[in-house]
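Analysis of the macromolecular model
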Amino acid sequence: MNNFRILAATDTAVGHLPHFMLGGYMLLLVWLCYLGYRKGKATEEDYYLAGRGQGTIVTSLTIMATFFSSAALLGIPGVVYRDGISFFLFALNLPVAGAAIYLLGDRMRKLGKARGYVTPADLVGDYYGGAEVRLLAAATSALYVLPYVIMQIKAGGYLAQRLFPDAPPLEFFGSSFTMYETGVWALSFLTMAYVLVGGMRSVAWTDVIQGILLIFGMLVAGLATIAYFGGLGGYFEAVSALPAKALSAPGYSDKWNAGMLFTICAFASLGSIIQPGQWMRFYAAKDSGTLRKSALVFAVVLPVCFLFGIMLVALGGQVLFPPEITAEGIIPHPSIGAKSSEVDQIVIVMIQRVVPEMLGITFGAIVVTLILIAVLAASMSTADSNLHALSAVLTRDVYDRFIRPQADERERTWVGRIVIVLATMAAVALVEWSQKAGAFNPLELISQLMLLAIAFSSQLLPIAIDVLFLNKGSRQGAIAGLTSGIGLVLLLTIKPEWSFGLTKIVHVSAVGIAANAIVFGFVSRVTKKVPQKRIDEFRRIIKAKG
Amino acid sequence: MLKTRLSKILALIFFFALIMGPGPGLYLVNPSHDNPCSTTFLGMPILFAWSSFWFFVQAGVVLVAYRKLWAKSDNLEE
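Throughout, residues of each chain are indexed from 1 in the direction in which the sequence is written. Chain labels run from A onward and ligand labels from 1 onward, assigned in the order the entries are written. Since the coordinates come from a predicted model, pLDDT governs what is reported: local features require at least 70, and pairs of side-chain atoms require 80 or more to be given and counted, while whole-chain, interface and lining totals use all residues. As a rule here, side-chain values come from all non-hydrogen atoms in the structure, and water together with hydrogens is ignored.

Focus on the overall build of chain A
Secondary structure elements follow DSSP: runs of H or I of four or more residues count as helices, runs of E of two or more count as strands, with numbering from the N terminus. Of the regular secondary structure elements, chain A holds 23 helices and four strands. Relative accessibility decides the category of a residue: with a 1.4 Å probe and only protein chains considered, values under 20% of the type maximum give buried, values over 50% give exposed, and everything between is partly exposed. Each of the 546 residues in chain A was classed as buried or not, and the buried ones make up 62%. Contact between two residues is taken to exist if any of their heavy atoms lie within 4.5 Å; hydrogens are not considered. Nonlocal contacts in chain A, meaning residues at least 24 apart in sequence, comprise 84% of its contacts between residues at least 6 apart. Element-wise, carbon and sulfur atoms account for 67% of the exposed surface of chain A, whose accessible area totals about 19000 Å². Areas reported as accessible are Shrake-Rupley estimates using a 1.4 Å probe. Residue values count occlusion only from the protein chains shown.

Here it is, written out as structure tokens:
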């Protein structure tokens, strides 16, 4: 049977049940959105932070679901499929990020609660004073959010292509939309709708459902792959027969050397856990215990989902659908796709092959649908958090401070909603452009977008550590450090050859952080420190209970 | 943050796991032309076994910190 037509085949086996499941999932999201709207209050704090009262289950699952982007189910398995087992070591960044949820997140939460912060820039801007640090922190947040939203929306397109491979283009108001475009629009519109209406409460509640689906999807896909090969012994025997290049670092593309993997695990992990969406989740947590438990769940459950779930699927994909190594690069098996960027689709193809083998066509089709919905959930749960965070950043850090400081809370919340609509439209336009782009296409691979976004958010790390632990920096130091870090990451992303090979040995986020920290430290030494009174006040809040 | 002996030991183990797992330590087991050691360990690809082992070390450190350090610091604050 053709690998991509399981759902079509179930039309005879279980009718249109899988399609109803997809519809049911979307209706559930709409219902949660409605509930969030009903429970919400018309205040900025409630719209952006759900009243700062989120408990352990919601906090841990919303942090995980936000972290679990389409990269988790498409991009990262795509890299394992392309490069082999060396990328398994990437999963060791997750316990680092998990520990940071408590070590950094709890201090952020305490400061946020005591001083009414909503965005990351609120905290660093208040500590260092002046408008420049706030604007730079807001710019860093925005630079992180846009690539992340783009890659989630792309995933919606991929999924629609795979779910409905034979569907003709949809005609709508005289325009024709391919399945890819329909998926992009559907994911964007639905996500935008529930963020607009329900704010953080709806986002977090939908994240709970999406987080559960993701854990289920990643683990069941891994189990089905192992079962397909006849158990663990058969699986390991099959993958051990792969070419040596697939079983060793730096992998087929020669990218994953120890320096690269170490800097991703040590620095990019922290960058991704202090992204604006996560930072706001720390503010929204009820108390220290909530973040402590969330940190433990994250550090243990997430790596298990990767190492013993989805990564096994992708490596098994190398056995069933061996990629072709050519002079031009690594080309996926024709069943996966024709272009090198289509390695991202390995999980979708694999589950459609292995799950029905394990569970039979009927039940298998239901489970395949659930896993495909999990892919959709991964994209939506990250897109919603990032759109929501971008709305807070642009409204509070830019509109409220520099455009209309006299705006009241109600006006700011509405401006936030307009930002969400505009950001969604901009992201869809970029995805459409990317799809039609020729040879130059910087948005091609989901994993590249993820690592670029993380490189930007990592630049908040030196000043975050200073505010939360060291208290040695100055405002001028923070401005100079952030400018150097962001500037260097931008420069080396556009012109990687200007790093003289450095970005082939270490990740660009670490290069940016190093430049940022050195400049920050040096300038802070020769300029006026933050007033001692403010440092004492911050220390008092961090040490206080609650 | 690193005030007690236990916190220092845990931080050291965690950092060591990072150096050994995804860091330069991986070249101790990495099958390559320069280091033609076995590609498998107990039937598993050796890098899979290596990443799993260091994950369990990291997870163990987080678990001990959760039980012995973080809960205590929360209680002290309260």
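So much for the structure itself; the text now carries on.
Digging into the confidence of the model for chain B
Residues and elements named next belong to chain B. Each residue carries a pLDDT score, the predictor's confidence in it, ranging from 0 to 100. Residues of chain B with pLDDT of at least 70 account for 85%, and the chain-wide mean is 88. Looking across chain B, the model is least confident in strand β1 (residues 40-41), with a mean pLDDT of 86, and most confident in helix α1 (residues 5-20), with 96. Predicted complex metrics record ipTM = 0.93 and pTM = 0.90.

A few points about the packing of helix α6 (residues 93-103) of chain A against helix α7 (residues 105-115) of chain A
Residues and elements named next belong to chain A. Here, axes are lines fitted to C-alpha atoms. For helices the fit covers the stretch in contact, and angles between N-to-C directions go from 0 to 180 degrees. Running from amino to carboxyl end, α6 crosses α7 at an angle of 30°, the nearest separation of the two axes being 3 Å. The pairing of α6 with α7 is recorded here as roughly parallel in orientation. Where α6 approaches α7, its residues A100, I101, Y102 and L103 are matched on the opposing element by G105, D106 and R107. For the contact of α6 with α7, the residue count by class is four nonpolar, one polar and two charged. Here roughly perpendicular refers to angles of 65 to 115 degrees, roughly parallel to angles under 35, roughly antiparallel to angles over 145, and oblique to all remaining angles. Note on residue classes: Ala, Val, Leu, Ile, Met, Phe, Trp, Tyr, Cys and Pro are nonpolar, Asp, Glu, Lys and Arg are charged, and everything else, Gly too, is polar.

A look at unusual backbone geometry
With omega at 10°, the peptide bond leading from A249(A) into P250(A) counts as cis. Along the polypeptide, P250(A) turns up in the loop between α11 (232-240) and α12 (258-273). For R52(A), which is not glycine, the phi torsion reads 55° and is therefore positive. The residue R52(A) is located in the loop between α3 (44-49) and α4 (56-67) in this model. For R52(A), a relative accessible area of 10% translates into the label buried. Phi at L42(B) takes a positive value of approximately 50°, unusual for a residue other than glycine. If you trace the backbone, L42(B) turns up in the loop between β1 and β2 (44-45). Judged by its relative accessible area of 73%, L42(B) falls in the exposed class.

Observations concerning the side chain of S86(A)
Tracing the backbone shows S86(A) in the loop between α5 (70-83) and α6. If sequence neighbours within four positions are ignored, S86(A) has contacts with S248(A), A249(A), P250(A), G251(A), W256(A), L261(A) and L47(B).

Quick word on the pattern of salt bridges
Residue and element names in this part refer to chain A. A side-chain nitrogen of Lys or Arg and a carboxyl oxygen of Asp or Glu constitute a salt bridge if their distance falls within 4 Å. Scanning the model with the defined rule gives 19 salt bridges over all chains in all. Of the charged contacts, one joins K495 and E497 as a salt bridge, the two residues approaching to 4.0 Å between their closest N and O atoms. A single network of salt bridges, built from pairs that share partners, joins E44, D122, R134, R396, D397, D400 and R412.

Brief notes about the environment of R292(A)
Structurally, the position occupied by R292(A) is in helix α14 (residues 288-320). Spatially, the C-alpha atom of R292(A) lies 9.2 Å from that of G105(A), the residues being 187 residues apart in sequence.

Focus on empty space enclosed by the protein
Residues and elements named next belong to chain A. Cavities and pockets were defined on a 1 Å grid built from protein atoms only: a cavity is a group of points that admits a 1.4 Å probe but offers it no way out, a pocket is an open group of points flanked by protein on both sides within 12 Å along at least five of seven lines, and a lining residue is one with an atom within 4 Å of any such point. Grid points are joined across faces, edges and corners, and a volume is the space filled by probe spheres set on the points. The final tally for this structure, using the stated rule, is one cavity of 30 Å³ or more. If you trace the largest cavity, you find 19 residues lining it, with F67, F90, Y148, M450 and I454 closest to the centre. Among the elements of the structure, α4, α5, α6, α9 (131-163), α12 and α18 (446-457) are those that each provide at least two residues to the lining of the largest cavity. Split by residue class, the lining of the largest cavity holds 13 nonpolar, six polar and no charged.

Some remarks on the packing of aromatic side chains
Residue and element names in this part refer to chain B. The rule is short: rings of Phe, Tyr and Trp, with Trp giving its six-membered ring, pair when the centres are within 6.5 Å, and they are stacked under 30 degrees, edge-to-face over 60, tilted in between. Applying the stated rule across the entire model yields 21 aromatic pairs over all chains. The interplanar angle of 75° and the centroid separation of 4.8 Å between the aromatic rings of F53 and W54 together place this pair among those described as edge-to-face. Classification of F53 by relative accessible area gives partly exposed; the value is 47%. On the basis of relative accessibility, which here comes to 7%, the residue W54 falls in the buried class. Here F55 and F56 contribute two aromatic rings whose centre-to-centre distance is 5.1 Å and whose plane-to-plane angle is 45°, an arrangement assigned as tilted. You can call F56 exposed: its relative accessible area is 51%.

Brief notes about the interface of chain B and chain A
Facing the 37 residues of chain B at the interface are 42 residues of chain A. By definition, the buried area sums, over both parts, the 1.4 Å-probe accessible area that each loses when the two are put together. For the chain B and chain A pair, buried surface summed over both sides reaches about 3400 Å², with 77% attributable to carbon and sulfur atoms. It is F48(B), F55(B) and W70(B) in chain B that bury the most area against chain A; as a group they hold 19% of the surface buried on that side. In this structure, the connection of chain B to chain A is made through zero salt bridges. When residues of the side of chain B that touches chain A are assigned to their parent elements, the largest contribution, 18 residues, is made by helix α2 (residues 46-77) of chain B. Along the lines of polarity and charge, the residues of the side of chain B that touches chain A split into 24 nonpolar, 10 polar and three charged.

Quick notes on the packing of α9(A) against helix α10 (residues 179-228) of chain A
Two packed helices can be described by the angle between their axes and the distance between those axes. Residue and element names in this part refer to chain A. In the contact formed by α9 and α10, the axes pass within 7 Å of each other and the chain directions differ by 130°. As far as their axial angle goes, α10 and α9 are oblique. Seen from above, α9 lies across α10 with right-handed handedness. Contact with α9, carried on its side by Q152, I153, K154, G156, G157, Y158, A160 and Q161, involves M179, Y180, G183, V184, L187 and S188 of α10 and no other residues of that element. Left-handed is the label given to a crossing in which the near helix is rotated counterclockwise from the far helix by less than a right angle, and right-handed is the label when the rotation is clockwise.

Here we look at the side chain of Q152(A)
In this structure, Q152(A) sits in helix α9. Apart from the residues lying within four places of it in its own chain, the contact partners of Q152(A) are S69(A), S70(A), L187(A), A378(A), S379(A), T382(A) and A383(A).

Quick look at the environment of S509(A)
Residue and element names in this part refer to chain A. Counting through the fold element by element, S509 comes out in helix α22 (residues 508-526). Judged by relative accessible area, which is 0%, S509 ranks as buried. Each C-alpha atom, one on S509 and one on A453, is 9.4 Å from the other, the two residues being 56 residues apart in sequence. Setting aside residues no more than four positions away along its own chain, S509 makes contact with A268, A455, S458 and Q459.

Side note on the nonpolar core
All names here are of chain A. One finds F68, Y128, I273, F298 and F306 to be the most contacted residues of the largest nonpolar core, which totals 205 residues. Take this core: its biggest share by element is 20 residues, from α10. Those residues within four positions of I273 in sequence are excluded, and the remaining contacts are I63, F67, A97, A100, I101, Q278, W279, F282 and F298. We call a set of buried residues a nonpolar core when its members are Ala, Val, Leu, Ile, Met, Phe, Trp, Tyr or Cys and they connect through side-chain atoms within 4.5 Å of each other.

What about α4(A)?
The end-to-end C-alpha distance of α4(A), which contains 12 residues, comes to 16 Å, matching closely the 16 Å that a straight helix rising 1.5 Å per residue would cover. Taken together, the buried positions of α4(A) are occupied by V58(A), T59(A), S60(A), L61(A), T62(A), I63(A), M64(A), A65(A), T66(A) and F67(A). Multiplying 1.5 Å by the helix residue count minus one yields the expected span of that helix.

Describing α10(A)
Residue and element names in this part refer to chain A. The terminal C-alpha atoms of α10, which comprises 50 residues, lie only 30 Å apart, well short of the 74 Å expected from a rise of 1.5 Å per residue. The seven residues ending at a residue and the seven starting there each receive a fitted axis; the angle between those axes is the bend at that residue. Where α10 bends most, the angle comes to about 125°, and this point is G198. The element α10 is extensively covered by neighbouring structure, given that 37 of its 50 residues are classed as buried. Downstream of α10 by a residue or two, G230 has a phi angle that is positive, lying close to 85°.

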